[in-house]
Amino acid sequence: MNTFGHRFRFTTFGESHGKALGCVVDGVPAGIKIDEEFIQNEMNRRKPGQNKYATARKESDSVEILSGVFEGLTTGTPISMIIFNENQKSRDYSNVKDLFRPGHADYTYFNKYGIRDYRGGGRSSARETAARVAAGAIAKLLLKQLDIEVKSGICEIDGIKATNFDFSNVQNSEIYALDKEVEQKQKDAILNAKNSHNSVGGVALIKVTNCPAGLGEPLYFKLDSQLANAMMSINAVKAIDIGDGFNSVQNKGYDNNDEIRANGFKSNHSGGILGGISNSEDIKLKVYFKPTPSIFIKQETVDIYNKEVDCELKGRHDPCVAVRGSVVAESMTALVIADMLLLNMSSRIDNIKKVYER
Ligand code: FMN
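Bear in mind the structure is a predicted one, so any value in this text is a computation, not a measurement.

Some thoughts on the site of the ligand
Right, so step 1: As a matter of local geometry, the ligand sits amid 18 residues, with Ser124, Ala236, Lys290, Ser294 and His317 nearest to it.
Right, so step 2: His104 places a side-chain nitrogen or oxygen 3.5 Å from an oxygen atom of the ligand.
Right, so step 3: One of the side-chain nitrogen or oxygen atoms of His317 is found 2.8 Å away from a nitrogen atom of the ligand.
Right, so step 4: A breakdown of the residues in the shell around the ligand according to their chemical character gives 6 nonpolar, 8 polar and 4 charged.

Some details on the pairing of strand S10 (residues 202–209)
Right, so step 1: Counted residue by residue, S10 has 8 buried out of 8 residues, so it is predominantly covered.
Right, so step 2: Two elements, strand S8 (residues 149–157) and S10, share 8 bridges in a ladder whose sense is antiparallel. Its bridge partner lying in S10, Ser152 is registered against Ile206.
Right, so step 3: By the bridge criterion, 7 bridges tie S10 to strand S16 (residues 283–289) in an arrangement that is antiparallel.

Considerations on a nonpolar patch on the surface
Right, so step 1: Nonpolar side chains collect at one region of the surface, where Ile349, Ile352, Val355 and Tyr356 lie side by side and expose about 440 Å² of accessible area between them.
Right, so step 2: Position of Ile349 among the secondary structure elements: in helix H9 (residues 349–356).

A closer look at the pattern of salt bridges
Right, so step 1: Inspection of the entire model under this criterion finds 18 salt bridges.
Right, so step 2: Arg45 is the partner of Glu42 in a salt bridge, and the nearest nitrogen-oxygen pair spans 3.2 Å. With Glu42 and Arg45 both in helix H1 (residues 36–46) and 3 residues apart, the pair spans about one turn of that helix.
Right, so step 3: Residue class for Glu42 comes out buried when judged on its relative accessible area of 6%.

A closer look at unusual backbone geometry
Right, so step 1: At the junction of Pro218 and Leu219, the peptide bond is cis and its omega measures out at 5 degrees in the coordinates.
Right, so step 2: Position of Leu219 among the secondary structure elements: in the loop between S10 and helix H6 (223–232).
Right, so step 3: Of note, the phi angle at Glu71 is positive, near 50 degrees, even though the residue is not glycine.
Right, so step 4: Among the structural elements, Glu71 can be located in the loop between strand S5 (69–70) and strand S6 (73–74).
Right, so step 5: Even without being a glycine, Ala236 presents a positive backbone phi close to 75 degrees.
Right, so step 6: With respect to the helices and strands, Ala236 occurs in the loop between H6 and strand S11 (237–242).

As for the UniProt feature "binding site: NADP(+)" (unreviewed entry) in the protein
Right, so step 1: Residues annotated in UniProt with the feature "binding site: NADP(+)" (unreviewed entry) correspond here to Arg46 and Lys52.
Right, so step 2: Summarising the element assignment, Arg46 is placed in helix H1.
Right, so step 3: Leave out the neighbours within four places in its chain, and Arg46 touches Asp61, Ala126, Arg127, Thr129, Ala130, Val133, Arg324, Val327 and Val328.
Right, so step 4: With respect to the helices and strands, the residue Lys52 is situated in the loop between H1 and strand S4 (63–67).
Right, so step 5: Non-local contacts of Lys52, meaning those with residues more than four positions away in its chain, are made with Leu191 and Lys194.

As for the sheet that holds strand S1 (residues 3–4)
Note on sheets: strands pair through backbone hydrogen bonds, and any given pair is parallel or antiparallel.
Right, so step 1: Pairing within the open sheet is antiparallel, and its 5 strands lie in the order S1-S2-S3-S7-S4. Taken across any chain shown, the strands that pair with only one partner, and hence form the sheet edges, are S1 and S4.
Right, so step 2: Sheet topology note: the S1/strand S2 (residues 9–14) ladder contains 2 bridges and is antiparallel. Among the inter-strand pairings, Thr3 is bridged to a residue of S2, identified as Thr11.

Considering the packing of H1 against helix H3 (residues 129–144)
Right, so step 1: Direction vectors running N to C along H1 and H3 enclose 135 degrees, while the axes themselves pass 9 Å from each other. In this view, H1 runs oblique relative to H3, as classed from their interaxial angle. Here H1 runs over H3; the crossing is right-handed. Side by side, H1 and H3 meet where Phe38, Ile39, Glu42, Met43, Arg45 and Arg46 of the first sit next to Thr129, Ala130, Val133, Ala134, Ala137, Ile138, Lys140, Leu141 and Lys144 of the second.
Right, so step 2: The residue makeup of the contact of H1 with H3, split by class, is 9 nonpolar, 1 polar and 5 charged.

Thresholds applied
- Residues numbered from 1 in each chain as written.
- Predicted model: local features only at pLDDT ≥ 70, side-chain atom pairs only at ≥ 80, totals over all residues.
- Heavy atoms only, no water.
- Near = heavy atom within 4 Å.
- Polar contact = N/O pair within 3.5 Å; in protein donor to acceptor, adjacent residues only side chain to side chain.
- Nonpolar A, V, L, I, M, F, W, Y, C, P; charged D, E, K, R; others polar.
- Buried < 20%, exposed > 50% of the residue type's maximum accessible area, 1.4 Å probe, protein only.
- Helix = DSSP H or I, 4+ residues; strand = E, 2+ residues; numbered from the N terminus.
- Pairing = 2+ DSSP bridges.
- Patch = residues over 30% accessible without salt bridge, like charges linked within 9 Å, V, L, I, M, F, W, Y side chains within 5 Å.
- Areas by Shrake-Rupley, 256 points an atom, 1.4 Å probe, with all protein chains shown as cover.
- Salt bridge = Lys/Arg side-chain N within 4 Å of Asp/Glu carboxyl O.
- UniProt positions renumbered as here; feature names shortened; annotations may be inferred.
- Contact = heavy atoms within 4.5 Å.
- Axes fitted to C-alpha atoms, helices over the stretch in contact; angles between N-to-C directions.
- Parallel < 35°, antiparallel > 145°, perpendicular 65-115°, else oblique.
- Left-handed = near helix turned anticlockwise from the far one by under 90°.

Structure representation (structure tokens):
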């Protein structure tokens, strides 16, 4: 399935080494100013080939808007965007044409579809996430109108954890680090892995500020369940936690509860979500990325004929996918919040009357 969202929804298409990839975003209210420079900046934050901590694949990731925008404003019709692939090197994959890379999706895609697009993994490649960032930029332009902001940064690489969560450090950091104190150590961990032909995992922190209360559609479209759905749909994401998340199981109830005063909550262990609905506190989630599966150390595998072979990779790969992945997680969060904002508008008759009463 290639469509995500309910009321604000998008569909992506395209493969790693195909001609182009793109998306169609549907359900976008008319009248939103489309700032193309902002969309391109978002793409640039995710694009490959920018420094030694990322894959060397060079893509401009220029977005062309094909529909849904007239004289700089959304028209309420589907917004389609296309990104042409420029730097495919399909030959790099010819030696792994028939074999399954350990840790990648080759084995499962082949068993499911019976077709082997060996060129960079085809649709299973995270190249597709460029289209999500384009769609996410449209969601962010909607959120901007309501002063809702979604930010992200790296809080952990190879077990090296941030203790400061400073989002102002992120924009000046080549690895989007939240904590300047541990940034160099995190960078060294990525380079050490790269130089030893290996890879490392990492964790991204996502924060939504100024989010109104009431977002989330219990029971089966709760805000936390949709965030989890969105994050787990991103390549290499293996876990997510919300608020105190995994740590909350070690807390006592008294410490885990957020006491309430007339001016709001005294703490935010819940990560801004109670009963699947936002409570107007900052929404906080952590997204856990595994180490990049494509590494340059010889590993054992089988080929499509089930013959045992060695896998020796060529090509260009991110030594730590969490870095560029954090931008994708931020975009997916914006898309979920946009969807929830539109859905929530019909939760009370008073709101419906505001629109239709004459
Ligand atoms: N995997 C690779 O093997 N090489 C890469 O260069 C690579 N780049 C990625 C970039 C981003 C932004 C993200 C989010 C993931 C990347 N991945 C890369 C991860 C794979 O796409 C992913 O591990 C694979 O599709 C298997 O899916 P799974 O890990 O979710 O099970």
